[in-house]
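Structure at a glance
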Amino acid sequence: MDTLPDAREAEVSLSPEELAILREQYQLEDPKPRPQTKFNYAWALVRSRARTDQEDGIKLLHEIYRDLPSRRRECLYYIALGEYKLGNYKNARKYNETLLQLETRNTQALSLRQLIDEKVKSEGLVGMAIVGAAIAAFGALTFSLMKKGDR
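Now for a quick tour of the structure. (Residues numbered from 1 in each chain as written. Predicted model: local features only at pLDDT ≥ 70, side-chain atom pairs only at ≥ 80, totals over all residues. Heavy atoms only, no water.)

**Thoughts on unusual backbone geometry**
That bond from D30 to P31 is cis: its omega, 20 degrees, falls within 30 degrees of zero. Following the sequence through the fold, P31 ends up in the loop between helix 1 (16-29) and helix 2 (35-47). (Helix = DSSP H or I, 4+ residues; strand = E, 2+ residues; numbered from the N terminus.)

**Here's the deal with the side chain of E29**
Within the secondary structure layout, E29 lies in helix 1. Within the structure, the side chain of E29 is placed 2.5 Å from the side chain of Q25, a separation counted as a polar contact. Polar contacts involving the side chain of E29 include one to the main-chain amide nitrogen of R34, which spans 2.7 Å. Contacts of E29, omitting those with residues within four sequence positions, involve R34 and T37. (Polar contact = N/O pair within 3.5 Å; in protein donor to acceptor, adjacent residues only side chain to side chain. Contact = heavy atoms within 4.5 Å.)

**Some thoughts on the nonpolar core**
The tendency in soluble globular proteins is for nonpolar side chains to be buried side by side. Residues L61, Y77, Y78, L81, Y84 and L112 are the most contacted members of the largest nonpolar core, which totals 34 residues. Of all the secondary-structure elements, those providing two or more residues to this core are helix 1, helix 2, helix 3 (51-67), helix 4 (72-86), helix 5 (89-102) and helix 6 (107-150). With 9 residues, helix 4 is the largest single contributor of residues to this core. (Core = buried A, V, L, I, M, F, W, Y, C linked by side-chain atoms within 4.5 Å. Buried < 20%, exposed > 50% of the residue type's maximum accessible area, 1.4 Å probe, protein only.)

**Considerations on helix 3**
Taking 1.5 Å per residue, 17 residues should reach 24 Å; helix 3 reaches 25 Å between its end C-alpha atoms and fits that length. Those residues of helix 3 that fall on the buried side of the exposure criterion are D53, Q54, G57, I58, L60, L61 and I64. Projection of helix 3 onto a plane perpendicular to its axis shows the buried side chains occupying an angular sector of 165 degrees, all on one side. Opposite the buried face of helix 3, at more than 90 degrees from it, the exposed residues are T52, K59 and R66. Where helix 3 is buried, its residues meet helix 1, helix 2 and helix 4. (Expected span 1.5 Å × (residues − 1). Arc of directions from axis to C-beta.)

In structure tokens, the structure reads:
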């Protein structure tokens, strides 16, 4: 596979019918599905809205990565996308950076790196805001209790 999809494509779920077709094909070929069948099904699962499907898709991609060295490049990217979609940014970054070590100018991986960094930054800011609000609330409560004690 020469080109990888844009990271935002992971957010576009297949219809239940499309997913069912890929699942059926995968099951028909089980216990030894063709690599492309397994890959197509794994990618469809990653794109699903259901977290368990996404996790199952990542597991299948790991199997492909392990069993087929010729597919490792694309598996790194798709695993990184799956981890990103699950909110596992540390893992997403690890797989994406491994790909970027092999292909420093891979535009899709560079784009995914930017998305990961933006998400980590925004979630960090939200986390800091929550902590700040909690500290402010605690301070207000303490001040209020101290005022009542002075009376």
